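Here is what each chain is made of, one letter per residue.
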Amino acid sequence: MSVLSNIRAKLQNGERLGFDDGVALFHEPDLLALGQLANELREARHGDRTFFNKNMRVEVTNVCVASCLFCSFAKLEAHMPDAHTMSLEEAWKELSDRMDDPPSEIHVVNGLHPGLPFEYYEELLRGYKRIKPDVHLKCYTAVEIHFFAQLYKMSVREVLERLRAAGLDSLPGGGAEIFDPEVRKKISDDKATADEYLDVHRIAHSMGMKTNTTMLFGHIETYEHRVDHILRVRTLQDETGGFQAFIPLAFHPDGNGMKNLPAPTAVDDLRTFAVSRILLDNVPHIKAFWVSSGPDVAQIALRFGCDDIDGTIVHETIYHSAGSGVPQGLTYEHLVRLIQEAGRVPVERDTFYNVVKEFPKASVGEAAFKVRDRKAKKHLAVVEPVRSLGGKEIAG
Amino acid sequence: MSAEKQDQLRVAGVRYLNARPLWEDLKSDPRIALSLEIPREVQRMLAEDEADVALMPVAGAATLGDVFFVPNMAIAARGPVQSVLLVSEVPLEKLEEVALDLSSRTSVVLAKLILAHRNIRVRFTDLDPTTARTPQEMREAVAPVVRGTRGAVIIGDPALAIADAFPYRLDLAEAWQEWKGLPFVFAAWCTRNPNFAASDVARLQAAKTAGLALRDALAEEHAAAHSLSPAILARYLHESIRYELGDAEIQGLTAFFDEAYRAGLLPKTEVRFTAPLANRPLTPVPLETLLGRAAAGERLSVAEGERLLAEASLFELGLAADEVRKRKHPHGVVTYIVDRNVNYTNVCTTSCRFCAFYRPVGHPEGYVLSREVLGQKLQEVVDAGGVQILLQGGLNPELPLTWYEDLFRWMKAEYKLGLHALSPEEIIHISELENISTAEVLERLHAAGLDSVPGGGAEILVDRVRRRIAKTKCSSEAWLGVMRTAHRMGLRSSATMMYGTTETARERVLHLAKIRDLQDETGGFTAFFCWDFQYENGVRIEPGDTGTHLYLRQQALARLMLDNVDHIGASWVTQGPDVGQVALRFGADDFGSVMFEENVVSSAGTTFGINAAGMETRIREAGFKSARRNVRYDWLTPPL
């Protein structure tokens, strides 16, 4: 019996998959058969519906006391020339400038700045709510929350309560990296441990907050580490039910402490999405974060277990400082088209996956929106085209 | 267009003598727009909706798959037909080679079936259809071909005129009758419209009745024009050719389709009729059955390909294509080539609407690369272990054939690199510039060092599309013609498709069928690559169907349709290395080429670049071994 048919049989019998099953899935050579299984599970949950939102990314400071090897964004000290911390007015302006077409969600992720007062973070949230009272604030990763608790000498619950009082609605999933202690020690020694990270989420969930969680894959970890990571998420979810989405994030090597490592390839991305969907029987959504995998692979991922492609984003700097060549934002129409081209039904959602707007399914290749500027499609940073002659010169 | 013209029935007839009784009476009918063409063109017109009804060679009908026969009319034979003969100097069982006009598909399939049935194994080679007009000329044209263990299938006038010149002859329709006890149907009126009007059927029937009465006159006229015997021709039209499509003929046609399907020569085909004949209620094959047949490598019709593209899921197409890939390339190796893409000039007279590269003659940004610049580029390729130059350019009216010949000789003398150069459009351009045939251009370039012809500029090989995206581009028939000529002189080429402009899904499948048809004739295509139209600033058409899913589906379908093309390439250069890598699991066994920095193709403003190590990593992670190749897809390195 092949690995996949064995696993299919277990799923049909309602048997839960274990660690060995997960590792076997990662080793499955037939990528399409693996994808097909993940796709069936995805369609059983969501049919063709594929979620996206109108969101905005803000990174208010890149000053960071942690020195994660995979990071090309932060690890700066406040006096360094590239260090930058936004004033509250600067940060708020990002929203007030967009009020003609406002985001429904603001996603704030920062470096671990040792010198800002806690009130800065509270006031940031209050200011956003003043500008747009119904905006959803998904701010500060569990790693930041844990750091705040240490720095400002409060309990995690206290930190969360004060932030919630200031307007915090949910937590983003960043900072999970890889939970395995040995790997985590090598790549990310001086920030929240796996248990600390998961504890923050546990407490948030117990307060009735929803959160997301992530996994940074494709660096020095093994398949076993990935499975261990996914199963730890599953275990906490059994306990709390508070995770909305699991987001596998591909490691990008440029300009960071692991720049000699190759980035994971697209096949590895798809495999990881698929295995995540198959193993995580209790997390409703698997997200293909298009900034991480690129819009093209994210589009394919919509058949490899993913039902969410993140949002318009507008301005992302963390992946971009690690060499991501994708654009910093995608237009709304563009996201709809990406989803329709994958043969799916685009659903604009709010942060809690309530439907804002549902679009029709287009037949393959007939997206409702025709994006005129194809530069926006493949979205790489603008490079003067050298290619020529239509398709001619690339003929094999 | 006048109202009257719109009401005309567009009829495409085969222009040969034996078809004349079916259409002669239509010539003077103002309600009919009659086109008289060779069989291949008749097939094209029906396929591309330029004809409402066409006298289709039955192999062409099977290729399309979605045609309906008009009742009770055909070109058929019960017993000897006289005009399709296998002739030789030795008894059949001694034959080793048979030359025949490989573009005459129905006869080719019939010859293959009959020889296989008689356990005679031969090699089939191409015989140019003769342009000889008198029996003497025909004899001179055919006689040198038929030598020793090499026979030939001769068709039409030559068969009628010179059959007695050879000691051994086999009438293929007679052989069919002996084998099956059934008539053989060569061609019949076909339409793609299942509701073809009863009045139009009646008009064709009336034309047949009138035409049959004209047979003696037609025989005399043709005999006079071609110095043939009127008596032989009259007997041919009265006795050899049968114009009925009765029960026996339908059984014969069904038997032919079944045998050809079993032999892998034609798609599975059912004989279906237009009204007023009642068809059995059509039960479409379940999609799973069709996918199973596709994965098993069976030949698919255009209609079946279209259905797969519309209905099969991404995984179904991918898994079926991967099955075919596995069977064709069981070693699990994906190849790539180290070469360089050089555009020798950007001056071009074509002004394709999708091209942002060309400059008109006299434009200040126009260039022709100097020997010095070229030499530097070539040396870099040699130094980097490259094996080939892909040389293409605009249609520059200031470069004569001798410029290319000198260039090629110099390149071959100075650098040991394969020369993969000049797409069909450029060959046609040079032939027009020099006022010589494309065959002569190719022969001279071949002599000067040309190794193979790139398949660029194919775009979509359907003229409706070509006219819309590039008015002055060569016709699809001209593009295929250059490839036919090149293949016949032993040059190999690739085949390509650029989709996503203004074509329909059906037209993409027709494109694949045309490549498959020509490949049946020549076997000269090494590989197929496709990509979507890459939008850039400055281009003047709207992008159409694009997206990664469509690319993967389209590439997988190409693997399923092109059962006679060895290699399918994943076009990472246009799709990006990520999608390119995933595409390896959708039927591809080649990853294209490692390109050099300044020739890196930018995909819609994107510049992708990967080196050999990057290619090998991606190939390995997709689950394959990698090997470098040359233009003929020979492995140059052991698979790793």
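Residues numbered from 1 in each chain as written. Chains lettered and ligands numbered in written order. Predicted model: local features only at pLDDT ≥ 70, side-chain atom pairs only at ≥ 80, totals over all residues.

Participant: I'm lost on the overall build of chain B in this one. Help?
Facilitator: Each helix and strand in chain B was counted, giving 25 helices and 21 strands. The C-alpha atoms of chain B give 26 Å as radius of gyration, which agrees with the globular expectation for 640 residues (26 Å, within 12%). Principal-axis analysis of the C-alpha atoms places the extent of chain B at approximately 70 × 55 × 55 Å. Residue pairs at least 24 apart in sequence account for 78% of intrachain contacts in chain B once pairs closer than 6 positions are excluded. (Helix = DSSP H or I, 4+ residues; strand = E, 2+ residues; numbered from the N terminus. Rg over C-alpha atoms; globule rule 2.2 N^0.38 Å. Contact = placed C-beta atoms within 7 Å.)

Participant: Sorry if this is basic, but what is going on with the overall build of chain A here?
Facilitator: Helix and strand counts for chain A stand at 15 helices and 10 strands. Counting every position in chain A, which comprises 396 residues, the buried fraction comes to 54%. In chain A, 76% of the contacts between residues at least 6 apart in sequence involve partners at least 24 apart. (Buried ≥ 20, exposed ≤ 12 C-beta atoms within 10 Å, placed from the backbone.)

Participant: What am I meant to see in the pairing of strand β13 (residues 418-421) of chain B here?
Facilitator: Residues and elements named next belong to chain B. Here β13 shows a buried face lined by Gly-418 and His-420 and a second buried face lined by Leu-419 and Ala-421. Across four bridges, the pairing between strand β12 (residues 388-392) and β13 is parallel. What sits directly across from Leu-391, in β13, is Ala-421. (Pairing = 2+ DSSP bridges.)

Participant: What's the story with the packing of helix α10 (residues 215-226) of chain B against helix α11 (residues 230-240) of chain B in this structure? I'm lost.
Facilitator: To characterise two packed helices, one gives the angle between the axes of the helices and the distance between these axes. Residue and element names in this part refer to chain B. Relative orientation of the contacting elements α10 and α11 amounts to 140°, with a least axis distance of 8 Å. Taken together, α10 and α11 sit at an angle that is classed as oblique. The handedness of the crossing between α10 and α11 comes out as right-handed. Contacts from Arg-215, Asp-216, Leu-218, Ala-219, Glu-220, His-222 and Ala-223 of α10 reach α11 at Pro-230, Leu-233, Ala-234, Leu-237 and His-238. Across the contact of α10 with α11, the residue classes break down as seven nonpolar, two polar and three charged. (Axes fitted to C-alpha atoms, helices over the stretch in contact; angles between N-to-C directions. Parallel < 35°, antiparallel > 145°, perpendicular 65-115°, else oblique. Left-handed = near helix turned anticlockwise from the far one by under 90°. Nonpolar A, V, L, I, M, F, W, Y, C, P; charged D, E, K, R; others polar.)

Participant: Got a minute to help me understand the environment of B:Glu178 in this structure?
Facilitator: Among the secondary structure elements, B:Glu178 is positioned in helix α8 (residues 172-180). C-alpha separation for the pair B:Glu178 and B:Tyr236, spaced 58 residues apart in sequence, amounts to 20 Å.

Participant: Even after reading the chapter, I still don't get the pairing of strand β9 (residues 345-349) of chain A, so can you show me in this structure?
Facilitator: Taken residue by residue, a regular strand's side chains alternate between the two faces of the sheet. All names here are of chain A. Two strands pair when backbone bridges link them, and strand β1 (residues 49-53) and β9 are joined in this way by four bridges, in the parallel orientation. Looking across to β9, one finds that Phe-51 is bridged to Val-347. Sheet analysis places β9 next to strand β10 (residues 355-358), joined by three bridges and oriented antiparallel. Considered in β10, the bridge of Glu-348 is made with Lys-357. In sequence, β9 turns back onto β10 through a hairpin of five residues, with Tyr-353 there showing a positive phi of about 65°.

Participant: When you look at the nonpolar core in this model, what are you seeing that I'm missing?
Facilitator: By size, the foremost hydrophobic cluster in this structure holds 302 residues, and its most contacted members are B:Met56, B:Val58, B:Ala188, B:Cys190 and B:Phe528. Each residue touching B:Ala188, except ones within four places of it in the same chain, is listed here: B:Met56, B:Val58, B:Phe69, B:Met73, B:Ala74 and B:Leu245. (Core = buried A, V, L, I, M, F, W, Y, C linked by C-beta atoms within 7 Å.)

Participant: Explain the sheet that holds strand β5 (residues 211-217) of chain A to me, please; I cannot follow it from the model alone.
Facilitator: Remark on secondary structure: sheet strands pair via backbone hydrogen bonds, oriented parallel or antiparallel. All names here are of chain A. Strand order in the open sheet made by the three strands is β5-β6-β7, with parallel pairing throughout. The open sheet has two free edges, formed respectively by β5 and β7 (285-286), since each of these has just one partner strand. Note: strand β6 (residues 243-250) against β7, two bridges, orientation parallel. Pairing of Phe-246 across the sheet is with Ile-286, part of β7. Its contacts with the sheet place helix α10 (residues 223-240) against β5 and β6, and it is angled at close to 170° to β5. Helix α11 (residues 266-279) contacts β5, β6 and β7 of the sheet and is inclined by roughly 155° relative to β6.

Participant: Looking at this model, I keep getting lost on helix α22 (residues 505-522) of chain B. Mind explaining?
Facilitator: An α-helical turn contains 3.6 residues, so any two residues separated by three or four positions project in the same direction. All names here are of chain B. Over its 18 residues, α22 extends 26 Å from the first C-alpha to the last, a length consistent with the 26 Å expected when each residue adds 1.5 Å. For α22, a buried count of 16 out of 18 residues is recorded, marking the element as mostly surrounded by other parts of the structure. Gly-523 lies just past α22 and shows a positive phi near 65°. (Expected span 1.5 Å × (residues − 1).)

Participant: Looking at this structure, I do not really get unusual backbone geometry. What am I missing?
Facilitator: Residues apart from glycine generally show negative phi values, whereas peptide bonds are mostly found in trans. Residue and element names in this part refer to chain B. In the Ramachandran plot, Asn-435 falls in the positive-phi region, its phi being about 60° despite a non-glycine side chain. Checked against the element boundaries, Asn-435 lands in the loop between α18 (424-434) and α19 (438-448). With a phi angle near 65°, Tyr-633 is a residue other than glycine that sits in the positive phi range. One can find Tyr-633 in the segment after β21 (625-628). Among the residues examined, Tyr-633 registers 17 C-beta atoms within 10 Å and is labelled partly exposed.

Participant: Got a minute to help me understand the sheet that holds strand β7 (residues 123-126) of chain B in this structure?
Facilitator: Residue and element names in this part refer to chain B. Pairing is mixed in the open sheet, where five strands are placed in the order β7-β6-β8-β5-β9. Single-partner strands in this sheet number two, and they are β7 and β9 (168-171). Shown here is a sheet whose adjacent strand axes are inclined to one another by a mean of 25°, direction ignored. As paired strands, strand β6 (residues 97-100) and β7 are joined by four bridges and run parallel to one another. Residue pairing in the sheet places Leu-100 in a bridge with Asp-126 of β7.

Participant: Is there a simple way to explain the packing of helix α13 (residues 287-295) of chain B against helix α15 (residues 314-328) of chain B in this structure?
Facilitator: Residues and elements named next belong to chain B. Viewed as axis vectors pointing N to C, α13 and α15 meet at an angle of 25°, and their least axial separation amounts to 8 Å. The pairing of α13 with α15 is recorded here as roughly parallel in orientation. Packed against α13, whose contacting residues are Leu-291, Ala-294 and Ala-295, the element α15 presents Glu-316, Ala-320, Glu-323 and Val-324 at the interface. In terms of residue class, the contact of α13 with α15 is made up of five nonpolar, no polar and two charged.

Participant: I tried to follow the confidence of the model for chain B on my own but got confused; where do I start?
Facilitator: Interpretation of the predicted coordinates at a detailed level should be avoided for regions scoring low in pLDDT. Residues and elements named next belong to chain B. Confidence in the prediction for chain B averages 90 pLDDT; 94% of positions are at 70 or higher. Across chain B, element-level confidence peaks in strand β17 (residues 567-568) with a mean pLDDT of 98 and bottoms out in strand β19 (residues 602-603) with 34. The model gives residues 597-607 a pLDDT under 50, and that stretch makes 47 contacts with residues more than four places away or in other chains. (pLDDT = per-residue confidence, 0-100.)

Participant: I tried to follow the environment of B:Asp545 on my own but got confused; where do I start?
Facilitator: Residue and element names in this part refer to chain B. Here Asp-545 lies in the loop between β16 (525-532) and α23 (548-561). Judged by the 23 C-beta atoms lying within 10 Å of it, Asp-545 falls in the buried class. Distance in space between the C-alpha atoms of Asp-545 and Ala-74 is 40 Å, their sequence separation being 471 residues.

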